[in-house]
Each structure stands twice: as C-alpha cells, then as structure tokens.
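Each chain, written out:
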Amino acid sequence: MSTLISSELRDRTIKQSVAECIGDTPVVSLKRLFPGKDVDIFAKLEYMNPGGSMKDRPARFIIEHGLKEGTITPDTHLIESTSGNLGIALAMITTLFNLKLTCVVDPKISPTNLKILKCLGANIDMVTEPDEHGGYLKTRIKRVNELTDKDQNALWINQYANENNWKSHYYGTGSELVEQLPGKIDYFLAPVSTSGSIMGIGRKLRERFPDMKVIAVDAVGSIIFNSPPANRELPGIGASRVPEILNKEEIDDVVHVNDYESALGCRMLLETEGIFAGGSSGSIIAALHKLLPSLPDGSRVVTIFPDRGDRYLDLVYDDEWLGKLTSQIEKLRGEK
C-alpha cells in the first residue's frame with residue numbers, strides 16, 4: 001500500500017519534462033504600486049514560466065498540436081521571426097522533441113536573449129536592414145520566406161497569423177485566471193505585439209465577465225492600431241505590421257506608451273513591489289498611470305507581466321541606455 005501511495009504522489013508532483021512546468025503561474029495583488037487609489041490591480045506573473053516568459057505557452061501548444069496533427073514531423077525544420085522570447089520558448093520545446101529550429105532575429109534583440117538562444121542550440125539568422133517603418137519585422141519576415149523557399153522541410157510558425165497562438169492563452173492563461181481571480185473584473189489590460197495573449201485571454205475572461213473592458217497597451221511608433229510609425233528600441237511590444245489574428249472590434253481602448261515611460265515603469269515596479277519584470281511589463285505600469293484618473297472608484301483590473309527583467313539588464317535597467325534615450329527625447333523636443 002505504501003508503495004502505491006508513493007507512486008501516486010510521485011505521479012502528481014514530479015514532472016516528466018520542463019514542458020509540463022509551463023503554466024499555473026501565480027497572480028499577485030499590486031497594493032503598493034498606487035497607494036491611495038481605490039482600485040484593485042491583479043497581475044499574473046507570466047515571467048515565472050520555465051522559459052522566462054508567457055511565450056512558453058504558444059511554443060508548447062503549437063508544437064504539440066503540430067506533432068499530433070502531423071503538420072510537424074521529426075524532419076521538420078521550424079523557422080520563426082522573433083524578438084527573443086518566443087525563440088527561447090521554441091528552442092526549449094524543440095530540444096525535447098529533437099527538432100531543428102532557426103530563429104530570424106534583428107539587432108534590437110536584447111544581448112541576453114541572443115545568448116540564451118545560442119545556449120539552447122537554436123540556429124540564428126540575423127537581419128540588419130530596417131524596413132520602411134524603421135523596424136525590422138518586415139525584413140525578418142522577408143528572410144523567413146527566403147529560408148522556407150530553400151528548404152522543403154521548413155515550416156514557418158508565423159505567430160502573427162497562427163490561430164494556435166491565441167488558443168494557447170484561451171485554454172491556458174485565460175482559463176487559469178478565471179479560476180484564480182477573486183470576484184468580478186472590470187478591466188483587462190495587456191501589452192500587444194502578436195496579439196495572441198490579449199485575444200486569447202480576453203475571449204476567455206469575457207465568458208466569465210461579459211461587461212469587462214479590454215484595453216491594449218501599445219508602443220509609440222507601432223502601427224498595430226493605425227498610429228504613425230516611428231523608431232522603437234524595446235523588443236516584445238508593438239509591431240510594424242498588423243497581426244492577422246487580431247480582431248480590433250474586441251479591443252475597447254488603446255493606450256500608447258513610449259520606451260522611456262516603459263523603462264520608468266519597470267523601475268517603479270521593481271522599487272515598489274519587488275517585481276523584476278521586462279519592458280512590456282513596464283509599459284503596463286506606464287499605461288496604468290495614464291488610466292487610473294479615469295477609472296471609477298472600486299474598479300478591479302487584471303493584467304499580465306509577460307517576461308523577466310534579467311533579459312533587459314542592457315536596456316531598461318541600464319542607466320547609460322536610459323540616458324541615451326533621454327537625450328534623444330530632449331533632442332526631438334528641441335527640434336519641435
């Protein structure tokens with residue numbers, strides 16, 4: 001009997017791979033961030049996934065479904081355009097299934113993310129020519145198409161158009177939040193890039209909270225919501241193309257924040273809550289600053305912190321980087 005009990009306990013507690021560690025991330029109440037405000041803010045710590053970001057979810061979901069459906073085989077060469085986090089997640093999962101992976105990246109990838117990708121054994125293809133919007137996304141996609149044309153076994157993940165991207169959050173992140181959240185939720189606030197997380201989580205939460213407002217946080221210079229293109233330094237938020245999986249009718253409002261505001265948001269989050277999160281989490285904090293004066297007393301807000309701060313030590317947490325950004329802003333103001 002004791003042997004049977006030990007076996008059952010082991011089956012419940014010991015994971016068979018790192019993929020099984022993805023999900024079930026905690027939710028914390030941000031009580032110290034905005035003292036004196038009659039608003040409850042809850043954040044799901046997606047950076048606590050084993051690969052360090054919420055991108056672990058679509059990476060696992062897409063690959064496991066592809067293997068099950070036969071669209072991915074042992075001979076498949078997976079290719080993706082990535083700013084780092086999805087590439088890391090894909091590299092982690094492809095290692096488990098012994099699949100070949102090439103990540104098409106650009107110079108704005110954080111140095112830490114690039115090192116992690118190399119450590120995980122991903123093939124790296126770096127583009128260096130910006131597109132007409134000053135970013136690199138279109139250039140990366142052009143390179144992806146070149147690589148897939150050369151290799152008959154190549155498969156482009158295409159996170160901007162892959163329905164399994166948002167589904168991974170609908171069945172994963174969103175379903176977990178439905179169980180974790182105490183009482184009603186009035187607002188769901190999320191950063192956008194591929195739009196997989198805001199679409200998937202928003203759809204699931206609205207089943208439980210039909211009157212909830214979905215608010216997107218986008219980068220200044222991103223064209224996702226028809227704003228004029230401009231230079232952006234932070235990876236992981238915003239885009240120079242509109243994702244195919246995005247349905248704008250499901251978004252109630254959009255808040256734009258710039259790189260400097262995002263950096264200050266990261267530092268404020270660390271100083272007040274002890275949460276060491278990445279650039280898009282700082283964008284959330286900056287957006288909350290702008291939103292809070294307009295929110296009714298007693299409002300309840302839920303958000304996500306997508307990735308870890310250690311990948312931004314050379315960016316938002318670097319005083320020299322922030323100083324250069326400040327100089328650029330002051331120069332632009334002088335020109336006006």
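The structure we're discussing is the one just above.
It should be emphasised that the depicted structure is a prediction, and the values quoted were computed from it without experimental measurement.

Engineer: Explanation requested: the packing of helix H3 (residues 85-97) against helix H4 (residues 111-119) in the structure shown.
Structural biologist: Relative placement of two packed helices is described by the angle separating their axes and the distance separating the axes. Between H3 and H4, the least distance of the axes is 9 Å, while the angle of their chain directions is 15 degrees. Overall, the two elements H3 and H4 adopt an arrangement that is roughly parallel. Note that H3 runs across H4; the crossing there is left-handed. When H3 is examined against H4, the residues Asn85, Gly87 and Ile88 are found in contact with a partner set consisting of Asn113, Ile116 and Leu117. Here the contact of H3 with H4 is built from residues that sort into three nonpolar, three polar and no charged.

Engineer: Help me understand the nonpolar core, please; the structure alone is not making it clear to me.
Structural biologist: One recurring pattern in soluble globular proteins is that nonpolar side chains are buried together. Ranked by size, the top nonpolar core spans 30 residues in total, and within it Leu181, Phe188, Ile198, Leu205, Ile251 and Val302 carry the most contacts. Mapped onto this core, the elements with two or more residues apiece are helix H5 (137-150), helix H6 (163-180), strand S7 (187-191), helix H7 (196-208), strand S8 (213-219) and strand S10 (299-305). Discounting residues that sit within four places of it in the chain, Phe188 has contacts with Ser197, Ile198, Ile201, Gly202, Leu205, Met212, Lys213, Val214, Ile215 and Val302. Within the second largest apolar cluster, 29 residues are counted, among which are Ile41, Leu45, Leu269 and Ile275.

Engineer: Would you mind going over H6 with me for this structure?
Structural biologist: Residue pairs three or four apart in sequence face the same way in an α-helix, which turns once every 3.6 residues. For H6, which comprises 18 residues, the first-to-last C-alpha distance of 25 Å matches the rise-based estimate of 26 Å (1.5 Å per residue) to within 8%. Inspection of H6 places Asn164, Asn165, Trp166, Ser168, His169, Tyr170, Gly172, Thr173, Gly174, Glu176, Leu177 and Val178 among the buried residues, and these make up the whole buried set. Buried residues along H6 sit against strand S1 (27-29), strand S2 (39-45), helix H2 (56-69), H7 and S10. Taking the backbone nitrogen of Asn164 as reference, a side-chain oxygen 2.9 Å away marks Asn162 as the first, capping residue of H6.

Engineer: I'm lost on the pattern of salt bridges in this one. Help?
Structural biologist: Opposite charge on two side chains permits them to pair, given that their charged atoms come into close proximity. A full pass over the atoms with the stated rule returns 18 salt bridges. The closest approach of N and O atoms between Glu176 and Lys44, which form a salt bridge, is 2.9 Å. Pair noted here: Glu176 is in helix H6 and Lys44 is in strand S2, with a separation of 132 residues, a long-range link. Here Asp319 ties to Arg267 by a salt bridge, and the two come within 3.0 Å at their closest N and O atoms. Taken as a pair, Asp319 in helix H10 (residues 319-335) and Arg267 in helix H8 (residues 259-273) lie far apart in primary sequence, 52 residues in all. For Asp319, a relative accessible area of 58% translates into the label exposed.

Engineer: For this particular structure, what's the right way to read empty space enclosed by the protein?
Structural biologist: Summary: where empty space remains is shown by rolling a probe the size of a single water molecule over the atoms. Evaluation of the coordinates by the stated rule reveals two cavities of 30 Å³ or more. Considered as a void within the structure, the largest cavity measures approximately 560 Å³ in volume. Lining the largest cavity are 45 residues, with Ser83, Ser193, Gly236, Ile237 and Gly238 positioned closest to its centre. Of all the elements in the fold, those that place two or more residues in the lining of the largest cavity are H3, H5, H6 and H7. Split by residue class, the lining of the largest cavity holds 16 nonpolar, 22 polar and seven charged. Here the second largest cavity is characterised by a volume of approximately 40 Å³. Every residue along the wall of the second largest cavity is listed here: Glu80, Ser81, Leu137, Ile141, Trp156, Asn158, Gln159, Tyr160 and Arg241. Looking at the lining of the second largest cavity, the elements that each hand over two or more residues are strand S3 (77-81) and H5. Taken together, the residues that form the lining of the second largest cavity break down as four nonpolar, three polar and two charged.

Engineer: Just to check I follow, could you spell out the layout of surface pockets for this structure?
Structural biologist: The computed volume of the second largest pocket comes to approximately 160 Å³. Taken together, the elements giving at least two residues each to the lining of the second largest pocket come down to H2 and H6. Top contributing element to the lining of the second largest pocket by residue count: H2, with five residues. Residues belonging to the lining of the second largest pocket are distributed by class as follows: three nonpolar, four polar and three charged.

Engineer: Teacher, can you tell me more about the pairing of S3 here?
Structural biologist: Each regular strand shows side chains that alternate between the opposite faces of the sheet. Most of S3 sits out of view: five of its five residues are buried. What you see with S3 is no split at all: His77, Ile79 and Ser81 on one side and Leu78 and Glu80 on the other are buried throughout. Where S3 meets strand S4 (residues 100-105), five bridges bridge the pair, whose relative direction is parallel. Paired with Leu78 across the bridge in S4 is Leu101. Running through H3, the crossover from S3 to the neighbouring parallel element S4 is right-handed. Note: S3 against strand S6 (residues 154-156), three bridges, orientation parallel. Across the sheet, residue Ile79 finds its bridge partner in S6, namely Trp156.

Calculation criteria
Residues numbered from 1 in each chain as written. Predicted model: local features only at pLDDT ≥ 70, side-chain atom pairs only at ≥ 80, totals over all residues. Heavy atoms only, no water. Axes fitted to C-alpha atoms, helices over the stretch in contact; angles between N-to-C directions. Helix = DSSP H or I, 4+ residues; strand = E, 2+ residues; numbered from the N terminus. Parallel < 35°, antiparallel > 145°, perpendicular 65-115°, else oblique. Left-handed = near helix turned anticlockwise from the far one by under 90°. Contact = heavy atoms within 4.5 Å. Nonpolar A, V, L, I, M, F, W, Y, C, P; charged D, E, K, R; others polar. Core = buried A, V, L, I, M, F, W, Y, C linked by side-chain atoms within 4.5 Å. Buried < 20%, exposed > 50% of the residue type's maximum accessible area, 1.4 Å probe, protein only. Expected span 1.5 Å × (residues − 1). Polar contact = N/O pair within 3.5 Å; in protein donor to acceptor, adjacent residues only side chain to side chain. Salt bridge = Lys/Arg side-chain N within 4 Å of Asp/Glu carboxyl O. 1 Å grid on protein atoms, 1.4 Å probe; cavity = no way out; pocket = protein on both sides within 12 Å on 5 of 7 lines; lining within 4 Å. Points joined across faces, edges and corners; volume = space filled by probe spheres on them. Pairing = 2+ DSSP bridges. Right-handed = clockwise from strand over helix to strand, strands pointing away.

Purely geometric numbers; function is a separate question.
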